[in-house]
Amino acid sequence: MRDQAVPEEVTVEVTDVVGEWTKFLKKQYKRELAELSREYPHNRSLIIDYRSILNNRLAFELLRSPGKVIGDIRDAIIQNKLIKLKDGEDPERINIRFTNLPQRTDIRDIRAEQINTFVAIEGILRKTTEVRPRIVSAVFRCRSCGKLTDPVIQGYGRFDEPDFCPNCERKTRLDLVMNRCRFVDTQKLRIQESPEGLRGGEQPQTLDVDATDDLTGQVAPGDRVVVNGILRSVQRVNYGQKSTLFDIYLECNFIEIAEKEFEEIAISEEDEAEIKALARDPMIYKKITRSIAPTIYGTDDVKEAIALQLFGGIAKDMPDGSRLRGDIHVLLVGDPGIAKSQILRYVVKLSPRGIYTSGKSSTSAGLTATAVKDEFGDGRWTLEAGALVLADMGIAAVDEMDKMAKEDRSALHEAMEQQSISLAKAGITATLKSRCALLGAANPKLGRFDQFVPIAEQINMPPSLLSRFDLIFVMTDQPEAERDGAIANHIIKTHSVGELIKQHEYSPLPDVDEEYIERALAPVTPDIDPVLLRKYIAYAKRTCFPILSDGAKEALIAYYMRLRNLASGNKPVPVTARQLEALVRLAEASARMRLSNTVDTEDTDRILRIVDACLRQVAYDAESGSFDIDKLVTGVTKSQRDIIRSVKETIRNLSGESGGQAKVDEVIDILIQQGFSRDKIEYTIEQLKRGGELLEPRHGLIKLIG
């Protein structure tokens, strides 16, 4: 084990440090200082970019002995009156903050020699406490002589109070004089290292951060942050015994919030020019579709729907306070081995706030939010945000949705339609926002699709949840010589290129150069680079709010009316208003893809083609030859509902004569005369028996319950 002396804050010999800092501030930060003079004490932080400290000696000294440097800069400002206040007093409460430190440290790489030095630590915020005042200088009044003491400076942890009065020197109790004390806002944050860089079995490590003054209340759990600060240590105390072990925490100097959402990605002017050029390309839809999971062959309609989901519709806040969601939810139901999970993982990588969870290992608390009691919030109950809250303004990908427990799945209902999560636990009543688009994947009930059973019966999910998805794709795996050949070629090509790259890395091959590899990679290279695509989506979400043109309105209404009219008389109801809202959202997303300010008929044609394909797969009732949204929404088609009603009526009519029981054979005979098939009747009687609506007291006799 290495023995190390904890470094004192190193003092570097410089003749006139304060003078050097004064020169630096006057030269580089004149404007910021003038701004502070106007806005102090409302704004009391001077933010210095580390990269602008050109004097290497000063820059090195900041990293080695930050406390001294911050004191020097404060002295430079006060002595040379760099901030001129109206009433001529000194800006005592000025904070010196530093950004853009050269090197970032992982939490697991923090070592003893870094104590009392300046470090930058990157990670995800797990928890925050509420903002509370902490006393920094306390003034006491003596109970005997009634005089006030000088301010007693308070550090972290224990409250420091004098044992005797410094004036009359008596050992007496002293009272705290609240209105003479100085307080500062303080908040505790817990930061966890980003899970991306971890090896298999490693647990992500955490570090506590103390944020004070104007840094408090800036961040929320789930944000990716870089925290700059001074690493401090505090001795552990076990049952009043001081331990030789010390705990570390970070005294926060500045919090840089990494890009959280599409709305916050930085886009330069060159990027903007490139984005506008892309939008003018007539092939933009094809390009965007091809840029999503290019290693997966085919499934173009699914990729197009995911592209629409990434762009999203417009969330509308109405004057009466209601909110219409703009996020598009997509569900992929398919046979195993069709690369559903692969698509989900790619989309999460593409979306700035993407969260991936798997249904079997997710609980409702893990998806929504949970109340935890811990020492972090002084033994109080605190809320921990779950996956759907962390994916706010991004995409939540939930794999294996059919394997989720019933209770856990119901947590998704509110998150999908109202886009908020309400909970009342342990005396906390809260509503958290979860404005995320949900991309779900599920397998059919029996593992693979059965061609002869209606699809709604094969999706093992409650109808109430299914109706919340705007698009449901059924991805079947049917043998088809031409397509199978193309997929096989694509897979082999991808593997061989991967092998080539690996071998070339290990021992360079003679006739292989960068160009050759690029040509070989062409089939699996996205048309638009993922970084640019991210910026393109961000730009569209930030600047593009298309309006429905008259032609588009008419097209959507006509399509909706046409499907509703199919329901005339005895036909099933094909489409509800929820589907019409989905059409509007999809049309807006389609217009956003080409940065258009109007939704034209080309957009409606495109999305009606996709929706038509979806409805044809999911809600088409082959028996009546028409669309039937009931099949999707309630899991029971209209023709099935008709037969259930007829069976019950027949039993009622027959049982009226013989003490409430009816013979099965007679029921079947009467219904066959009404035009129903024997299989269907027997299946329905079996279903009703299973559902507890029919009872079979003796073989061959049935009676209705209730």
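Each value, and the rule that gives it
Residues numbered from 1 in each chain as written. Predicted model: local features only at pLDDT ≥ 70, side-chain atom pairs only at ≥ 80, totals over all residues. Heavy atoms only, no water. Phe/Tyr/Trp six-rings, centres within 6.5 Å; stacked < 30°, edge-to-face > 60°. Helix = DSSP H or I, 4+ residues; strand = E, 2+ residues; numbered from the N terminus. Buried < 20%, exposed > 50% of the residue type's maximum accessible area, 1.4 Å probe, protein only. Pairing = 2+ DSSP bridges. Axes fitted to C-alpha atoms, helices over the stretch in contact; angles between N-to-C directions. Contact = heavy atoms within 4.5 Å. Arc of directions from axis to C-beta. Salt bridge = Lys/Arg side-chain N within 4 Å of Asp/Glu carboxyl O.

- Per an unreviewed UniProt entry, the protein goes by the name DNA helicase and belongs to Methanoculleus bourgensis.

## Quick notes on the packing of aromatic side chains
In step 1: Taken as a whole, this structure holds two aromatic pairs when the rule is applied.
In step 2: Between Phe-98 and Phe-118, the aromatic rings sit 5.9 Å apart at their centres with planes inclined by 80°, giving edge-to-face as the arrangement. Of this pair, Phe-98 sits in strand β2 (residues 95-99) while Phe-118 sits in strand β4 (residues 118-128), and the two are 20 residues apart along the sequence. The two residues Phe-98 and Phe-118 agree in class, both being buried.

## What to know about the environment of Asp-210
In step 1: Position of Asp-210 relative to the elements: it lies in strand β10 (residues 206-212).
In step 2: In this structure, the C-alpha to C-alpha distance between Asp-210 and Thr-186, residues 24 residues apart in sequence, is 7.1 Å.

## Let's talk about the sheet that holds strand β28 (residues 662-663)
In step 1: Ordered in space as β28-β30-β29, the three strands form an open sheet in which the pairing is antiparallel. In this open sheet, the two strands that pair with only one neighbour each are β28 and β29 (694-695).
In step 2: Examined bridge by bridge, β29 and strand β30 (residues 701-704) share two bridges and lie antiparallel to one another. Each residue of the ladder has a partner; that of Leu-695, found in β30, is Lys-703.

## Concerning the sheet that holds strand β16 (residues 354-358)
Neighbouring strands of a sheet are bound in pairs by backbone hydrogen bonds; such pairs are parallel or else antiparallel.
In step 1: What the five strands build is an open sheet, ordered β16-β19-β22-β15-β23; its pairing is parallel. Each edge of the open sheet carries a strand with a single partner, namely β16 and β23 (471-475). Pairs of neighbouring strands in the sheet enclose a mean axial angle of 15°, with direction left out of account.
In step 2: Against the sheet, helix α7 (residues 300-311) touches β15 (330-334), β19 (395-399), β22 (437-442) and β23, its axis set at about 155° to β23.

## Considerations on helix α23 (residues 664-673)
In step 1: Residues Val-664, Val-667, Ile-668 and Leu-671 constitute the buried set of α23. The buried residues of α23 occupy one face: seen down the axis, they fall within an arc of 95°. Residues Asp-665 and Gln-673 are exposed on α23 and point more than 90 degrees away from its buried face.

## Considering the pattern of salt bridges
In step 1: Across all of its chains, the model carries 20 salt bridges by this definition.
In step 2: Salt-bridge contacts for Asp-600 lead to Arg-594; the nearest nitrogen and oxygen are separated by 3.5 Å.
In step 3: The exposure class assigned to Arg-594 is buried, which follows from its relative accessible area of 16%.
In step 4: Bridged by salt links that share partners, the residues Glu-304, Arg-594, Asp-600, Glu-602, Asp-603, Arg-606 and Arg-609 form one connected network.

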